[in-house]
Amino acid sequence: MPATVTLQFGPEYQEADVGQIIHLAKEEPLRLDSGAEFSDFPMAFQTYGSLNADKSNAILLCHGLTGDQYAATPHPVTGKPGWWEHLIGPNKALDTNRFFIISPNVLGGCMGTLGPKHINPSTNTPYNLDFPVITIGDMVRAQKLLTKSLEIDKLFCIIGGSMGGMLALEWAASHPDSMHAIAAIATSPRHTAQNIAFHEIGRQAIIADPQWQGGNYINEGSYPAAGLAVARMTAHVTYLSQEGLGQKFGRDLQDRSHVTYGFDADFQIESYLRYQGKSFVERFDPNSYLYITRAMDYFDIAAAHGGELRNAFKNTEASFCLISFSSDWLFPATEARQVVQALSSSAADVSFLEIASDKGHDAFLLEEPLFIEALTGFINRTSRKIGL
Amino acid sequence: MLRADQQIIASLIEPNSKVIDIGCGKGELLQILEQDKNVRGHGIELEYDRVAEAVGQGLSVIQGDADIDLVHYPDNGFDYTVLALTLQVMKDPKAALQHCLRIGKQAIVVIPNFGHIANRWYLIKNGKMPISRQLSYQWYETPNIHFCTIKDFLELCYEVDCSIEQRIALYNNKSHKCFDGCRPFGANLFAKQGIFILKSKS
């Protein structure tokens, strides 16, 4: 059993145990797209279920931007249930009686995998902005080191939503023989101008907070809580739909019968967003937010393959399942369709479904029966196909 | 439960082949083909509910519009393209037929035969667009925007210059038999549906 690690979180720098950690790239460094290298770096991960004798039942789970390895167990900082707890477990869609689920924290994250708040061995202080800019491709190469160290040659399936879906697609493009199946949910083969725009607003909110201190808030004992909260509030709106917001909040007032002619949170939606921002800063590192959003902005699979998306997937024999949600305007179905069309051009095995939902991008984290049914159908068929 | 035309299609498809079913519905045909003939099946379907059911059952089906999406598939990417009772709802049946011939080494096409005697009689007797169990829509709400008769379809086959490997007339009592391409009169009058196996000449 690998050692567990304690890290600090939030404006109060409270300590929390982030679970099991493995050290990777001990023999050979991990070379990043930027040219920088990491050696002997930590990766935090959780596993659910058990690996079978021939190591053929492993599912790699890739989390979204602010997700982490706690997919099916309570989060050690917030105490909230895992982000896909309704999908992972005995007899659930990702059945832990049958599959071994590996859920790592991405490179650049803040839940135990090497990120900007870790100590830079060459300076003995936190990396902060000395942390090299990372890419989705770097995150995938780091994950490949993890599966290698677990002696898994070929994963049964790689599943991810949102940024996790980007990782899944990147896996298919860069390691086409490393998996039998790919399920990419509410995702896109590239970050669009609109996506980049919203990320830039979030980053500028953090950077504009004087407590950010040029990225050196840890050294200074400060914390850009206000900036990070605004970043989260903006991002959170992009995860919902107008219809969903209207239904959930409308123009309803917060604990009052009329507006107060001030800038207090008169409306329920304001109060809700403030709460979302406030609780987010307790668990997420501001610099990590900068680095991971940047990695997503740089993501463009087609550009990395001569401008042709179909070139990216021409070497894969994997079965694909892409799922989008009708009210998701952050990762709309038109983006996933580009992947479907690229795969169709080589008559690949692909399923695609745009699920009718008013829950926006967040739908992939919620209990959407048709989504669960489709994912279950895909997992069952592809596992049957390889005799699992 | 397969429709009569799908049962015939299932019997025509060779085991272990790769099949794309265009307008696959809930994937009933693909399911049987995968089960009984070890076929590698793929489907396109427009209707969301049907795609959800097909994918939920573990079929490789995409939610798409065949009028738009066929262009993305490669030449001879499949052993068979199946276009069963779908051509009549498509915006450009000629282009669709050409794509089917391009994508599949063989194309199996099923059309509802508008030349069936009951339709002709309905029109003569009532002077109105035929409505029957098979054609259950009023003219203003029907998704079937491009009806044709067996003779019309044969003419389209000559027009796109494909070779017709088999012509099967499917009758009212679900019996079927092959008919002569030079003498389609009986089939055109009495067949409810026509089933054709086509190949591209080039």
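Residues numbered from 1 in each chain as written. Chains lettered and ligands numbered in written order. Predicted model: local features only at pLDDT ≥ 70, side-chain atom pairs only at ≥ 80, totals over all residues. Heavy atoms only, no water.

Things to note about the overall build of chain B
A count of helical and extended segments in chain B gives 8 helices and 8 strands. Whereas a compact globule of 202 residues would reach a radius of gyration of roughly 17 Å, chain B reaches 16 Å, a difference of no more than 12%. Seen through its principal axes, chain B has C-alpha atoms that stretch 50 × 35 × 30 Å. The buried share of chain B, taken over its 202 residues, is 52%. Put simply, 66% of the contacts in chain B that link residues at least 6 apart link residues at least 24 apart. As presented, chain B carries roughly 9,800 Å² of accessible surface, and 50% of it is formed by carbon and sulfur atoms. (Helix = DSSP H or I, 4+ residues; strand = E, 2+ residues; numbered from the N terminus. Rg over C-alpha atoms; globule rule 2.2 N^0.38 Å. Buried < 20%, exposed > 50% of the residue type's maximum accessible area, 1.4 Å probe, protein only. Contact = heavy atoms within 4.5 Å. Areas by Shrake-Rupley, 256 points an atom, 1.4 Å probe, with all protein chains shown as cover.)

What to know about the pairing of strand 15 (residues 350-355) of chain A
All names here are of chain A. The buried fraction of strand 15 is high, at 5 of 6 residues. Sheet topology places strand 14 (residues 319-325) next to strand 15; 6 bridges connect them, and they run parallel. Looking at the pairing, isoleucine 323 lines up with leucine 353 of strand 15. Each parallel crossover has a hand, and for strand 14 linked through helix 10 (residues 333-344) to strand 15 it is right-handed. (Pairing = 2+ DSSP bridges. Right-handed = clockwise from strand over helix to strand, strands pointing away.)

Topic: helix 7 (residues 268-281) of chain A
Residue and element names in this part refer to chain A. With 14 residues, helix 7 extends 20 Å between its outermost C-alpha atoms, agreeing within 8% with the 20 Å of an ideal straight helix rising 1.5 Å per residue. Among the residues of helix 7, Tyr272, Leu273, Gln276, Gly277, Phe280 and Val281 are the ones counted as buried. Projected down its long axis, helix 7 shows its buried positions confined to an angular sector of 165 degrees, all on one face. Taken together, the buried residues of helix 7 touch helix 5 (225-238), helix 6 (242-248) and helix 8 (286-298). (Expected span 1.5 Å × (residues − 1). Arc of directions from axis to C-beta.)

Comments concerning the interface of chain B and chain A
At the junction of the two partners, chain B supplies 21 residues and chain A supplies 21 residues. Contact with chain A buries surface across chain B, with Tyr48(B), Gln63(B) and His72(B) losing the most and accounting together for 32% of the total. Taken together, the connections running from chain B to chain A amount to 0 salt bridges. At the surface where chain B touches chain A, the tally comes to 15 residue pairs in polar contact (both at pLDDT 80 or more). Those elements that provide at least two residues to the side of chain B that touches chain A are helix 3 (48-56) and strand 3 (61-63) of chain B. Top element by residues in the side of chain B that touches chain A is helix 3 of chain B. It accounts for 5 residues. For the side of chain B that touches chain A, a count of residues per class yields 10 nonpolar, 8 polar and 3 charged. (Buried area = accessible area lost by both parts, 1.4 Å probe. Salt bridge = Lys/Arg side-chain N within 4 Å of Asp/Glu carboxyl O. Polar contact = N/O pair within 3.5 Å; in protein donor to acceptor, adjacent residues only side chain to side chain. Nonpolar A, V, L, I, M, F, W, Y, C, P; charged D, E, K, R; others polar.)

With respect to the packing of helix 3 (residues 193-208) of chain A against helix 8 of chain A
Residue and element names in this part refer to chain A. Between helix 3 and helix 8, the shortest axis-to-axis distance is 10 Å and the interhelical angle comes to 160 degrees. Taken together, helix 3 and helix 8 sit at an angle that is classed as roughly antiparallel. Note on packing geometry: the crossing formed by helix 3 with helix 8 is left-handed. Contacts between helix 3 and helix 8 involve Asn195, Ile196, His199, Arg203, Ile206 and Ile207 from the former and Pro286, Tyr289, Leu290, Thr293, Arg294, Met296 and Asp297 from the latter. Partitioned by chemical class, the residues of the contact of helix 3 with helix 8 number 7 nonpolar, 3 polar and 3 charged. (Axes fitted to C-alpha atoms, helices over the stretch in contact; angles between N-to-C directions. Parallel < 35°, antiparallel > 145°, perpendicular 65-115°, else oblique. Left-handed = near helix turned anticlockwise from the far one by under 90°.)

What to know about a nonpolar patch on the surface
A contiguous nonpolar patch, built from Leu123(B), Met129(B), Trp139(B) and Tyr140(B) and spanning about 500 Å² of accessible area, is present on the exposed surface. Inspection of the secondary structure puts Tyr140(B) in the loop between helix 6 (117-126) and helix 7 (150-159). (Patch = residues over 30% accessible without salt bridge, like charges linked within 9 Å, V, L, I, M, F, W, Y side chains within 5 Å.)

A closer look at the pairing of strand 12 (residues 155-161) of chain A
Residue and element names in this part refer to chain A. With 7 of its 7 residues buried, strand 12 lies for the most part within the structure. With 6 bridges connecting them, strand 12 and strand 13 (residues 179-185) associate as parallel partners. Paired with isoleucine 159 across the two strands is alanine 183, which belongs to strand 13. Considered for its hand, the β-α-β crossover made up of strand 12, helix 2 (residues 163-174) and strand 13 is right-handed.

With respect to the packing of helix 1 (residues 136-149) of chain A against helix 2 of chain A
Residue and element names in this part refer to chain A. Relative to each other, helix 1 and helix 2 sit at 70 degrees, their axes nearing to 9 Å. Relative to helix 2, the element helix 1 lies roughly perpendicular. Mapping the contact onto sequence places Ile136, Gly137, Met139, Val140, Gln143, Lys144 and Thr147 in helix 1 and Met163, Met166, Leu167, Glu170, Trp171 and Ser174 in helix 2. Here the residues of the contact of helix 1 with helix 2 are counted per class, giving 7 nonpolar, 4 polar and 2 charged.

Topic: the side chain of Ser60(B)
Mapped onto the elements, Ser60(B) comes out in the loop between helix 3 and strand 3. Judged by its relative accessible area of 1%, Ser60(B) falls in the buried class. Reaching out from Ser60(B), the side chain makes a polar contact with the side chain of Asp349(A) at a distance of 3.0 Å. With residues near it in sequence (within four places) discarded, Ser60(B) still touches Asp349(A), Val350(A), Ser351(A), Arg381(A), Gly41(B), His42(B) and Gly43(B).

A closer look at helix 8 of chain A
All names here are of chain A. Between its terminal C-alpha atoms helix 8 stretches 19 Å, which fits the 18 Å expected from 13 residues at 1.5 Å a residue. Counting buried positions along helix 8 yields 11 of 13 residues, so the element is predominantly enclosed. Every buried residue of helix 8 is listed here: Pro286, Asn287, Ser288, Tyr289, Leu290, Tyr291, Ile292, Thr293, Ala295, Met296 and Asp297. Where helix 8 is buried, its residues contact helix 1, helix 2, helix 3, helix 4 (217-220), helix 5 and helix 7.

Comments concerning the environment of Pro286(A)
Residue and element names in this part refer to chain A. Its location among the elements puts proline 286 in helix 8. On the accessibility criterion, proline 286 (0% relative accessible area) is buried. Separated by 53 residues in sequence, proline 286 and methionine 233 place their C-alpha atoms 14 Å apart. Apart from residues no more than four positions distant in its own chain, proline 286 is found in contact with Ile206, Tyr217, Tyr223, Pro224 and Leu228.

Let's talk about the domain arrangement of chain A
All names here are of chain A. Domain annotation for chain A reports domain 1 (2-191 + 300-385) and domain 2 (195-293). Using C-alpha coordinates to define each centre, domain 1 is positioned 25 Å away from domain 2. Each partner contributes to the interface: domain 1 provides 38 residues, whereas domain 2 provides 39 residues. The contact between domain 1 and domain 2 buries some 3,300 Å² in all, and 61% of this surface belongs to carbon and sulfur atoms. Among the residues of domain 1 in contact with domain 2, Leu65, Thr66 and His191 are the three that bury the most area, contributing 20% of the side total. (Domains from an automatic or database assignment.)

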